[in-house]
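# Residue-level structure breakdown
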Amino acid sequence: DKGEYRHYMMKEIYEQPKVIAACLEGRISETKVLTSCFGVDSSFLKDIENVHIVACGTSYHAGMVAKYWIEDLAGLPCSVEVASEYRYRKVAVPKNTLFLTLSQSGETADTLAALRMAKELGYLTSLAICNVPSSTLVRESALTLLTNAGAEIGVASTKAFTTQLTALLITSIAIASEKGALSAEKEAELVTSMRSLPAHIDEALKQDAAIKKVSDRFANKHNALFLGRGPMFPIALEGSLKLKEISYIHAEAYPAGELKHGPLALVDEDMPIITLVPHNNMLDKLKSNLQEVAARGGELYVFADKDTDLHNEDGVIFTEVPKVDEILEPIVHTIPLQLLSYHVAVVKGTDVDQPRNLAKSVTVE
Ligand code: M6R
């Protein structure tokens, strides 16, 4: 039932504060990630020395964000790969590696094949972050962390993605804590931040009407470029996937520092550039990337908090994103991009919930 919404996708976008709260529920105390969150005592995490993440599509993008968190918080090497590549190559598995899969449906053929292959490769254990408790992936994995997002009907994944990120943040903190890489104070700080996520998502959703207005400008565009740096790069990838998936506009994403190495040649007044601006030490670098684009007449769509000093001006369309702790930025910045792709698709009159050629669950390779 779509309730008051015209499409499932919009309903699912608006469910995010509630389902992220459901994903956190029972997994964190006031100050810590609970040791019971994987269904077994989390002390097994002490032995992990490496992490391999394998997934497809949007789930793969969630995994890419987790690489930043795991390497940053736990100091462990982490690799991320799409399942359709992983399953057909010879993978070198270092000692004490965790095999982590991500899947909304738990029925994606390539991800299941990767898990089955991994079982022969001597991993420490397998953990599935999944939204469907009765799925094959959950049944066949040693450990599970459910995302608790509820059924997702729209083919374009929205709430499944942000709850995957939430579950991955829980997992990254749990690993870092068990490995002794995180002080009790830092863990308490991160957990407190996480608790504020639903409220920040609510706030981000308030830009809906403003983003709807911006989306009109995309109706006659054929291409779009998304830029981000650090953990915002996978969010740029996810934003570009969402736009191409439901509005059929060709979109690409680049780490902003790569601009000069090729994509800058594409930039002219017909090319909207969507930039995710984090509030960290990369801010100045990113601003200089934006100047490079502006100098070539590119139309800039900037998503940033108001303390970045960015604002509407000639050639710059500014959308405010709530200011949050750095660790939460990738999750909160996802919201305006979901809204943008949704409204662009509505303007273009495409089938938002059931885009052409795509299936919700890709059970064949
Ligand atoms: O069910 P899964 O998370 O394993 O699905 C993986 C991809 O097929 C899926 O994320 C796909 O990319 C979405 N339609 C993107 O919105």
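First things first, this report covers the structure right here in the doc. (Residues numbered from 1 in each chain as written. Predicted model: local features only at pLDDT ≥ 70, side-chain atom pairs only at ≥ 80, totals over all residues. Heavy atoms only, no water.)

Another point: the pattern of salt bridges. Applying the stated criterion to the full structure yields 17 salt bridges. In this structure, the salt-bridge partner of R217 is E299, at a minimum N-O distance of 2.7 Å. In this pair, R217 is assigned in the loop between helix 10 (208-215) and strand 6 (223-228) and E299 in strand 9 (residues 299-304), connecting sequence segments 82 residues apart. E292 is the salt-bridge partner of K260, the closest N and O atoms lying 2.6 Å from each other. Placement of the pair is K260 in the loop between strand 7 (250-255) and strand 8 (272-276) and E292 in helix 12 (residues 283-295), with a sequence separation of 32 residues. One continuous salt-bridge network, built from bridges that share partners, spans K11, E15 and K159. (Salt bridge = Lys/Arg side-chain N within 4 Å of Asp/Glu carboxyl O. Helix = DSSP H or I, 4+ residues; strand = E, 2+ residues; numbered from the N terminus.)

This next bit is on the pairing of strand 7. With six bridges joining them, strand 6 and strand 7 adopt parallel strand pairing. Residue pairing in the sheet places F226 in a bridge with A253 of strand 7. In this fold, strand 6 hands off to helix 11 (residues 232-247), which returns the chain to strand 7; that crossover is right-handed. (Pairing = 2+ DSSP bridges. Right-handed = clockwise from strand over helix to strand, strands pointing away.)

One open sheet holds the five strands; their spatial order is 7-6-8-9-10, and the pairing between them is parallel. Both edges of this open sheet fall to strand 7 and strand 10 (316-320), since each of them pairs with a single strand only. Averaged over all neighbouring strand pairs, the angle between strand axes comes to 20°, with direction disregarded. Across five bridges, the pairing between strand 9 and strand 10 is parallel. (Axes fitted to C-alpha atoms, helices over the stretch in contact; angles between N-to-C directions.)

Okay, the site of the ligand next. Around the ligand sit 14 residues in total, of which S59, S103, Q104, T108 and E245 are the nearest. At 2.9 Å, a backbone N or O of S157 approaches an oxygen atom of the ligand. The contact in question runs from a nitrogen atom of the ligand to an N or O atom on the side chain of E245, over 2.6 Å. Alone, the ligand offers 410 Å² of accessible surface; in the complex the protein occludes 90% of this. Looking at which element gives the most residues to the shell around the ligand, the answer is helix 3 (residues 57-74), with three residues. (Near = heavy atom within 4 Å. Polar contact = N/O pair within 3.5 Å; in protein donor to acceptor, adjacent residues only side chain to side chain. Areas by Shrake-Rupley, 256 points an atom, 1.4 Å probe, with all protein chains shown as cover.)

Time to look at the pairing of strand 9. Counting buried positions along strand 9 gives six out of six residues, so the element sits mostly inside the fold. Covered by surrounding structure in strand 9 are E299, Y301 and F303 together with L300, V302 and A304, the residues of both alternating faces. Where strand 8 and strand 9 come together, five bridges link them in parallel fashion. The partner of I273 across the bridge, within strand 9, is L300. In this view, the connection linking strand 8 to its parallel neighbour strand 9 by way of helix 12 has right-handed handedness. (Buried < 20%, exposed > 50% of the residue type's maximum accessible area, 1.4 Å probe, protein only.)

Take helix 13 (residues 329-348) next. The periodicity of an α-helix, 3.6 residues per turn, causes residues three or four places apart in sequence to face the same way. The end-to-end C-alpha distance of helix 13 is 29 Å, a good match for the 28 Å that 20 residues give at a rise of 1.5 Å each. Counting buried residues along helix 13, 17 of its 20 residues qualify, which places the element largely inside the surrounding structure. (Expected span 1.5 Å × (residues − 1).)

As a further point, take the sheet that holds strand 5 (residues 143-146). Judged by pairing direction, the sheet is parallel, and its five strands sit side by side in the order 2-1-3-4-5 without closing on themselves. Each edge of the open sheet is held by one strand with a lone partner, namely strand 2 (78-82) and strand 5. Here the average twist between neighbouring strands, direction ignored, is 20°. Pairing of strand 1 (residues 50-55) with strand 3 (residues 97-103) involves five bridges; the strand directions are parallel. Each bridged residue has a counterpart across the sheet, and for V54 the counterpart in strand 3 is T101. In this fold helix 3 packs onto strand 1, strand 2 and strand 3, with an angle of close to 175° to the strand it touches most, strand 2. (Contact = heavy atoms within 4.5 Å.)

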